[in-house]
Amino acid sequence: MPTRKKFVAGNWKMNTTLAEAKALAAAVAKGVGADARVTVAVCPPFPWLTAAGEAVRGSAVALGAQDVAFEKKGAFTGEVSPAMLLDAGCTYAIVGHSERRHVLGESDAAINQKVHTALEEGLHVILCMGETLAERERGLQERVFQRQVFAACAGLTDEQFARLVIAYEPVWAIGTGKVATPEQAQEAHRFVRGKLRLLYGDKIADATPILYGGSVTADNAAGLLHQPDVDGALVGGASLKADSFLAIVKAAQG
Ligand code: 13P
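If you're wondering where the values come from, they're calculated on a predicted model, not measured in any experiment.

## Let's talk about the site of the ligand
Phase 1: Neighbouring the ligand are the residues Asn11, Lys13, His97, Glu169, Ala173, Ile174, Gly175, Gly214, Ser215, Leu234, Gly236 and Gly237.
Phase 2: Between asparagine 11 and the ligand, the recorded distance is 3.0 Å, taken from a side-chain N or O atom to an oxygen atom.
Phase 3: Residue glycine 237 places a main-chain N or O atom 2.8 Å away from an oxygen atom belonging to the ligand.
Phase 4: Protein burial of the ligand: of its 310 Å² of free accessible surface, 95% is covered by the chains.

## Remarks on a nonpolar patch on the surface
Phase 1: A contiguous nonpolar surface patch, about 330 Å² in accessible area, is contributed by Phe150, Leu198 and Leu199.
Phase 2: By secondary structure assignment, the location of leucine 199 is in helix α9 (residues 182-200).

## Notes on the nonpolar core
The tendency in soluble globular proteins is for nonpolar side chains to be buried as a group.
Phase 1: Core analysis: the largest hydrophobic core is formed by 67 residues, its most contacted members being Leu85, Val115, Leu127, Leu164 and Tyr212.
Phase 2: Discounting chain neighbours no more than four positions away, the residues touching valine 115 are Val95, Val125, Leu127, Ala152, Leu156 and Leu164.
Phase 3: Residues Ala41, Tyr92, Cys128 and Leu234 belong to the second largest nonpolar core, which totals 13 residues.

## Examining the packing of helix α1 (residues 18-32) against helix α2 (residues 49-56)
Phase 1: Axis separation between α1 and α2 bottoms out at 8 Å; the angle between their running directions is 25°. Comparing the axis directions of α1 and α2 gives the class roughly parallel. Note on packing geometry: the crossing formed by α1 with α2 is right-handed. Facing α1, whose interface residues are Leu18, Lys22, Ala25, Ala26 and Ala29, α2 presents Ala51, Ala52, Ala55 and Val56.
Phase 2: Of the residues that constitute the contact of α1 with α2, the class distribution is eight nonpolar, no polar and one charged.

The rules we used
- Residues numbered from 1 in each chain as written.
- Predicted model: local features only at pLDDT ≥ 70, side-chain atom pairs only at ≥ 80, totals over all residues.
- Heavy atoms only, no water.
- Near = heavy atom within 4 Å.
- Polar contact = N/O pair within 3.5 Å; in protein donor to acceptor, adjacent residues only side chain to side chain.
- Areas by Shrake-Rupley, 256 points an atom, 1.4 Å probe, with all protein chains shown as cover.
- Patch = residues over 30% accessible without salt bridge, like charges linked within 9 Å, V, L, I, M, F, W, Y side chains within 5 Å.
- Salt bridge = Lys/Arg side-chain N within 4 Å of Asp/Glu carboxyl O.
- Helix = DSSP H or I, 4+ residues; strand = E, 2+ residues; numbered from the N terminus.
- Core = buried A, V, L, I, M, F, W, Y, C linked by side-chain atoms within 4.5 Å.
- Buried < 20%, exposed > 50% of the residue type's maximum accessible area, 1.4 Å probe, protein only.
- Contact = heavy atoms within 4.5 Å.
- Axes fitted to C-alpha atoms, helices over the stretch in contact; angles between N-to-C directions.
- Parallel < 35°, antiparallel > 145°, perpendicular 65-115°, else oblique.
- Left-handed = near helix turned anticlockwise from the far one by under 90°.
- Nonpolar A, V, L, I, M, F, W, Y, C, P; charged D, E, K, R; others polar.

Now the structure itself:
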C-alpha cells in the first residue's frame, strides 16, 4: 500500500481582518510548531499573505493563496501572478474552487491554464473539483469528476503532477453543514484515483494526495481521514478558529 502523507489546509476565503489573520496564523504556527507528520497549510486572503507568512515563519506551516492568475505577467488588472505569490512566501495555490467555478464562472479550460501557469512557475497546486447537488441527484457525479480531472490535468508532466494535490469538494457540502459521509467521500476519492490510474498510470495515481472538503469539523474529521483514499482535508469555516483547525490537524496526525 502506498503511504501518502496527510495534508490539512485551511481556506480562509474572504474572511479575517489583518489583525485577525496575523493572530490566527500565529496560533496555528504555535499549535503545529515543527511537527511535520502532517502537511499543514493556511490560505489567507491575498492582502494578508505577507503578514500571515511572517507569522508562520519558522514553523512547519506552509502558506497558500486561494487563487492564482492564468498568465505569468502583464496587463491583467486585478490578477495576482504565481511569481508574486512565491515572493509573498506561498508554496501553494488553490485553483478551481467551486466558488470560483460556480459563482465567478471559471471554466475547465481557464482552470487548466491556471494549473499549468502555477506549476510552471514553481507553485504547488491544490486543484478543487466536485459535483453540485443537482448533478448528484441526477447521478452525474462520476461524469463530472471525469470531466473535471481530465480537463484540469491535461498536458501535465510527471514532475508537475508531483506538485499537484486534488481536493474533492462536493458543492452541496460546502458551507452547508451537510458533510459527505466517510463512505461517500471514500467512494468519490476511489473513483478519482481510479481515473488518475487509467489516464496517468500507477505512480501518479498512488502518489497524488486527494483531500476532502465540505463542512469538515473537529467532530467529523477523524471518520473522513481514516478512509484509505482520503489523504487530508481542505477546511473552510472550521479553519477560522485555531482550536478547531488544530483539532482537525490532530485527527490527521492520529
Ligand atoms: P466549509 O468547510 O466551510 O464547508 O468550506 C469548504 C471549502 O470550500 C474549503 O475550500
